[in-house]
Amino acid sequence: QVQLVVPMAVVFGPGSVPGDLPRPLPFRDVQEMEISVNLRTSVTSRYEMLYRSTTGQEEAALAAATAREADAALHPLQDTTLGSLTVYVVPETSSLLPQGISVYVGKHRSALVRAGGSLAALQARLREVAQVMSFTASSIAAALSDRVPDGQLSPDARRYLKSSLGYEITFSLLNPDPKSHTVDWDIEGAVNRYVKPVLDKLSLVANFSVDSQILYYAVLGVTPRYNKESSSFLLSAHSLPHVINPVEARLGSSAASLYPVLNFLLYVPERSHSPLYIQDKDGAPVSTNAFHSPRWGGIMVYNVEAPASPQASLPLHVDVDMARVMEVFLAQLRLLFGLSREEVPPEFLLERPGNEGLADWELDHLLWAHTVENIATVSTTLTSLAQLLDKIGNIVIKDDVASEVYRAVASVQSAVTELSLGHLHAAFQASKEAVTSSERAFFDPSLLHLLYFPDDQKFAIYIPLFLPMAVPILLSLAKIVRESRQHKKEPTKMD
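The notes below deal with the structure included here. In this text the structure is predicted, and so the values were computed from the model without any measurement.

### A short note on the overall build of the chain
Check the secondary structure of the chain and you find 11 helices and 17 strands. Referenced to the eigenvectors of the C-alpha coordinate spread, the extents of the chain come out at roughly 140 × 85 × 35 Å. Across the 495 residues of the chain, 46% fall into the buried class. Of all intrachain contacts in the chain linking residues separated by at least 6 positions in sequence, the fraction that spans at least 24 positions is 75%. Per element, the accessible surface of the chain, about 26200 Å² overall, is 55% carbon and sulfur. The positive charge centre, built from 41 side chains, and the negative charge centre, built from 53, are 8 Å apart in the chain.

What follows is the structure, encoded as structure tokens:
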């Protein structure tokens, strides 16, 4: 049984304290909610709220002209512990929040909320804020997707990457027609400028490695359809799944990889199929001219402008606009990690994360989900290992395997304890250690079940070998016994 505890400070600005508070500030309150995963598994979410008034410095920060400036000024004054939240309650008439917006979520671990008049209305709004900034029932269900019945999962749940100790990201440029196009892309500069800040922030979640490659004469494997009206070629939505397999055979990056590989492909169409556009299910062109595949990566089609004169010399030199390309790839990366912002209520305003690619609370969102998933993974792995050992009675368990099992159990118990104390970072680190130890124990070469044969298999193997030799030996023994008995029955001759 896992309990997720979120430490939450609710700070009332001047003129925002509801009239129906049960007792004078400061005081503590607890709200609990149960997230049911299946008949046997449930996760309890517990929000431990500290209600208090603003300090003098916080009041000065809340006097800023805009919510963005207030968020920047409040950041040094608040608790920056992973998994913790600070919500500042401002008066209903405050000009900090735009018209029609009741909640502003900043780049860090704080939010600004309009006072709802009554404590009940405020608490309902606080619950929404806490779920957006920490975890929702759907994000926990997606993390435990192996245990959730198929009908209860949202369509996006299978899209997210499974928790792993590391990920490999490969950027590939596909140039199927090098005779017509010489494509130049500054991938190293683009990775340093756009991708590295995101991965630096995600380094707490897992280890990342990035590489790139250029593949020539690599075609998509699907012939696009020509459209006379627009004088262009079209790839329909139903043909997109058939695009990936022929290309993946050329990538070769996942063959020698220990970790999941995320593939981001930039495809420059051949001259005979230019320009090439992707259509959605309704037949409308996709604005980004890109699509992504769940748990695999994404492909973007980059059209080259036709030369002004038909007599232009080939190959044409193409400089790729890396800002436009990386904007699409980073959006796909966020989708693969489950950081889409589509489930936010309309009265919420979320600050853009800027160059870092994800806000601090989005990092916490990932850590909550991955910690729960790691605990479930360790539970499944150790259960499978126990069933294997029960099935094979004569299996030999070495001391190092036993110590890894003990370490995994201790680490997963530590992770559950840290979660119940609201220590997200310590819980995540313990869950990672538990996964590592359980995998080492499960995949230890000495526990390969093919090394140990059940008794019926031993008889099936050895009887055909020994029976042909045993028959004449047994017949000879029977003959010797019979002759010895006859010899005893004959009377002894006396001289």
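### A closer look at the packing of aromatic side chains
A complete count under the given rule lists 12 aromatic pairs for this structure. With centroids separated by 5.2 Å and ring planes inclined at 65°, the aromatic side chains of F135 and W368 adopt a geometry described as edge-to-face. Highlighted residues: F135 in the loop between helix 3 (119-133) and helix 4 (137-143) and W368 in helix 8 (residues 360-391), separated in sequence by 233 residues. By relative accessible area, which is 2% here, F135 ends up buried. Judged by its relative accessible area of 1%, W368 falls in the buried class. Centre to centre, the rings of F264 and F329 are 5.4 Å apart; their planes meet at 45°, and the pair counts as tilted. Here F264, found in strand 12 (residues 261-267), pairs with F329, found in helix 7 (residues 322-336); they are 65 residues apart in sequence, far enough to count as distant. Joined through ring pairs, the aromatic side chains of F12, F27 and Y51 make up one cluster.

### Structural notes on unusual backbone geometry
With the exception of glycine, most residues fall at negative phi, and the peptide bonds are largely trans. Looking along the chain, the bond that leaves L25 and enters P26 is cis, with omega of -5°. Note on placement: P26 falls in the loop between strand 1 (2-12) and strand 2 (27-36). A cis amide bond links S274 to the next residue, P275, at an omega of -10°. By secondary structure assignment, the location of P275 is in the loop between strand 12 and strand 13 (276-278). Even without being a glycine, R295 presents a positive backbone phi close to 60°. Residue position: R295 is located in the loop between strand 14 (290-293) and strand 15 (297-301).

### A few points about the sheet that holds strand 7 (residues 166-175)
Note: strands within a sheet are paired through backbone hydrogen bonds, in either parallel or antiparallel orientation. With mixed pairing, five strands are arranged side by side in an open sheet as 9-7-12-15-14. Sheet topology places strand 9 (207-216) and strand 14 at the edges, where each strand pairs with a single neighbour. Neighbour-to-neighbour, the strand axes of this sheet turn through a mean angle of 15°, independent of strand direction. Pairing of strand 7 with strand 12, which is carried by seven bridges, proceeds in the parallel orientation. Residue I169 lies in a different strand from strand 12, and its bridge partner there is L262. The strands that helix 5 (residues 187-202) touches are strand 7 and strand 9; relative to strand 9, the one it contacts most, it runs at about 155°. Each of strand 7, strand 12, strand 14 and strand 15 is contacted by helix 7, which is oriented at about 150° to strand 12, the strand it contacts most.

### A word on the pairing of strand 4 (residues 85-90)
Here strand 4 lies mainly inside the structure; six of its six residues are buried. On strand 4, burial covers both faces: L85, V87 and V89 on one face and T86, Y88 and V90 on the other are all buried. Judged from the five bridges that link them, strand 1 and strand 4 form a sheet pairing that is parallel. Directly across from V11, in strand 4, lies its bridge partner Y88.

### Considering helix 7
Along an α-helix, residues three or four positions apart point the same way, because every turn accommodates 3.6 residues. Along its 15 residues, helix 7 runs 21 Å from first to last C-alpha, staying within 8% of the 21 Å computed at 1.5 Å per residue. Among all positions in helix 7, only M322, V325, M326, V328, F329, L330, Q332, L333, R334, L335 and L336 are buried. Tucked into the core, helix 7 has its buried residues touching strand 7, helix 5, strand 12, strand 14, strand 15 and helix 8. Positive backbone phi, approximately 75°, marks G338, located one or two places after helix 7.

Cut-offs used in this document
- Residues numbered from 1 in each chain as written.
- Predicted model: local features only at pLDDT ≥ 70, side-chain atom pairs only at ≥ 80, totals over all residues.
- Heavy atoms only, no water.
- Helix = DSSP H or I, 4+ residues; strand = E, 2+ residues; numbered from the N terminus.
- Buried < 20%, exposed > 50% of the residue type's maximum accessible area, 1.4 Å probe, protein only.
- Contact = heavy atoms within 4.5 Å.
- Areas by Shrake-Rupley, 256 points an atom, 1.4 Å probe, with all protein chains shown as cover.
- Lys, Arg positive; Asp, Glu negative; His and termini not counted.
- Charge placed at Lys NZ, Arg CZ, Asp CG, Glu CD.
- Phe/Tyr/Trp six-rings, centres within 6.5 Å; stacked < 30°, edge-to-face > 60°.
- Pairing = 2+ DSSP bridges.
- Axes fitted to C-alpha atoms, helices over the stretch in contact; angles between N-to-C directions.
- Expected span 1.5 Å × (residues − 1).

Nothing here speaks to function; it is all geometry.
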